[in-house]
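Residue-level structural notes
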Amino acid sequence: MKKYINQDDMRQVNSSDVFNLIRIQKSVTRKQIEGISGLSWGGVSNITSRLLDAGYIIETKRLDNTGTGRIPTCLEVNGKDNYVVGIDVNMTGINAVVSNLKNEVIKDFHYEADFANSSVLLDSIFNFTKEILSEFSDNKLLCIGIAMQGIVDSKNKASVFLPGCKDWVNVPLAEIMENRFNLPVYIDHDPNCILLGHGFDKEYENAVLLRIDKGIGMAAMINGEILTDSGLFEIEHITVNPKGELCKCGSKGCLSSYVSETGITERLGLSMGEIFNAALKKDKKALGIFDDLANYLGMAISNLVKIFNCDEILLCGEMMEYKDFFLAKLNSCVKTASSYNKPCKVSVIDVKDATFGAALMAIYNSVKSLNI
Ligand SMILES: [Zn+2]
């Protein structure tokens, strides 16, 4: 279906593209932006003057090495005056960073979250945010980005469902935060933020990220863009064993039953600690559980590689604590299965990129929302 893009949408796309171009090039003249972007001179002048007015970029003088005596005016991202906040709301705690617009982290924060119910959790998020904002009250804070677990409707700025917090349903979190703190607030699914943060200095075309904790979250980047939509990628409920046990979703042998913490512990009636300790003692049953994890996750990843033509598959989350028991086998499964595709690397990364990615997501959204 062809998507209709009006003039305002085009201007927003161009403003974020120009900002991104300046960020990547580090120092660039307007003439160079015109050449690289294909925008008209008038368009470049208009967008850059708006970005200058709003404090997103600054003008600098480049040393004259042309011998012509002309000193070109360059544009750079403003790394000094304006900051953004990136927050990751997670059952293991709420983490945050304050970064500048050059994506340099100025300070990071951690807060113990209480997920008892929605009102207690909202209070935790409010108190934490208040603490951060008060510490940076002498600086200009432009916006807040929030990475959330569960189901997120980023277009409507809502957290639809949050596992572990029983009465958290359709919470318009960004709107509530905007009203309370008087700053623009943007929200996205945490795997999207981790992938955005991790891919920041990489040159991925296509990549897929799986966050495996109690459940399995997924994000995908196609042609350098993160795919976003609410309820996208219910990867944990794809069938990997048609003869497997019935899952609460109604299907049999879902990926989650063999790979996520909740799936494994509920299926076997053992805690991950018990399985890990038994595996350390080379217990055959425990080692078999990790073999199953490698086989079924390998099957799912091999399918993802074929669907998305991935450069890299990124794995993160609490289940990576046990990677020594499954990663080698998983890699051999994926290598075998992807022999007809380009080689695909499987890497384990840290979830701390979620806060950084949330800040990055907020910067992009805030540039897009500039009235150019
Ligand atoms: Zn299921």
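All residue numbers here refer to positions counted from 1 along the written sequence of the relevant chain. In keeping with the predicted nature of the model, local features appear solely for residues at pLDDT of at least 70, side-chain atom pairs appear and are counted solely at 80 or more, and the whole-chain, interface and lining totals rest on all residues. Each side-chain value is worked out from all heavy atoms of the structure, with water and hydrogens disregarded.

**Section: the coordination of the zinc ion**
Donor selection uses N, O and S atoms within 2.8 Å of the metal (3.2 Å for Na, K and Ca). Since no water is included, sites may look incomplete. Protein-derived ligands of the zinc ion are His237 (ND1), Cys247 (SG), Cys249 (SG) and Cys254 (SG), with the metal-ligand distances lying across 2.0 to 2.3 Å. Each donor residue of the zinc ion belongs to the same chain, with the gaps between them written as H-x9-C-x1-C-x4-C. To sort residues, take the accessible area from a 1.4 Å probe on protein chains only and compare it with the maximum for the residue type: under 20% means buried, over 50% means exposed, and anything in between is partly exposed. The exposure class assigned to Cys254 is buried, which follows from its relative accessible area of 0%.

**Focus on the nonpolar core**
In terms of nonpolar packing, the biggest core is built from 45 residues, with Phe19, Ile22, Ile33, Leu51, Tyr56, Leu195 and Leu209 touching the most fellow members. Secondary structure is summarised from DSSP: a helix means a run of H or I of at least four residues, a strand means a run of E of at least two, and numbering begins at the N terminus for each. Among the elements that take part in this core, helix H12 (residues 353–368) stands out by supplying 9 residues, more than any other. Note on definitions: a residue-residue contact is assigned when non-hydrogen atoms from the two residues lie within 4.5 Å. Dropping the residues within four chain positions of it, Ile22 is found in contact with Ser27, Val28, Ile33, Ile57, Leu75, Glu76 and Val77. We call a set of buried residues a nonpolar core when its members are Ala, Val, Leu, Ile, Met, Phe, Trp, Tyr or Cys and they connect through side-chain atoms within 4.5 Å of each other. Core analysis: the second largest hydrophobic core is formed by 39 residues, Met218, Leu297, Leu315 and Leu330 among them.

**Focus on helix H3 (residues 41–53)**
One less than the residue count of a helix, multiplied by 1.5 Å, gives the span that helix is expected to have. With 13 residues, H3 extends 18 Å between its outermost C-alpha atoms, agreeing within 8% with the 18 Å of an ideal straight helix rising 1.5 Å per residue. Turning to H3, its buried residues number three or more, namely Val44, Ile47, Thr48 and Leu51. In an axial view of H3, the angular spread of the buried residues amounts to 95 degrees, which keeps them on one side of the axis. Count one or two residues on from H3 and you reach Gly55, which has phi positive near 85 degrees. Each C-beta atom gives one direction from the helix axis, and the arc is the one those directions make.

**Quick look at the sheet that holds strand E3 (residues 73–77)**
Judged by pairing direction, the sheet is antiparallel, and its 3 strands sit side by side in the order E1-E3-E2 without closing on themselves. Both edges of this open sheet fall to strand E1 (28–29) and strand E2 (57–61), since each of them pairs with a single strand only. Paired strands, as defined in this entry, are two strands with at least two bridges between them according to DSSP. Across 5 bridges, the pairing between E2 and E3 is antiparallel. Directly across from Ile58, in E3, lies its bridge partner Glu76.

**Thoughts on the packing of helix H9 (residues 272–280) against helix H10 (residues 284–308)**
Between H9 and H10, the shortest axis-to-axis distance is 7 Å and the interhelical angle comes to 110 degrees. In terms of their interaxial angle, H9 and H10 are classed as roughly perpendicular. Regarding H9 and H10, the two cross each other, and that crossing is left-handed. Counted together, Met272, Ile275, Ala278 and Ala279 of H9 and Ala286, Leu287, Ile289 and Phe290 of H10 form the full contact between these two elements. By the convention adopted, Pro, Cys, Tyr, Trp, Phe, Met, Ile, Leu, Val and Ala count as nonpolar, Lys, Arg, Asp and Glu as charged, and the other residues, Gly among them, as polar. Each residue belonging to the contact of H9 with H10 can be placed in one class, and the counts come to 8 nonpolar, no polar and no charged. An axis is simply a line fitted to the C-alpha atoms; with a helix, the fit covers only the stretch in contact. Between two such axes, the angle follows the N-to-C directions and lies from 0 to 180 degrees. What sets the label is the angle itself: under 35 degrees gives roughly parallel, over 145 gives roughly antiparallel, 65 to 115 gives roughly perpendicular, and the rest give oblique. For any pair of crossing helices, the crossing counts as left-handed if the nearer helix is rotated counterclockwise from the farther one by less than a right angle, and right-handed if it is rotated clockwise.

**Concerning helix H2 (residues 30–37)**
Along H2, the positions that sit buried rather than exposed are Arg30, Ile33 and Glu34. Taken down its axis, H2 places every buried residue within 100 degrees of arc, on the same side. In H2, the exposed residues that point more than 90 degrees away from the buried face are Lys31 and Gly35. Looking at the residues trailing H2, positive phi occurs at Gly38, about 80 degrees.

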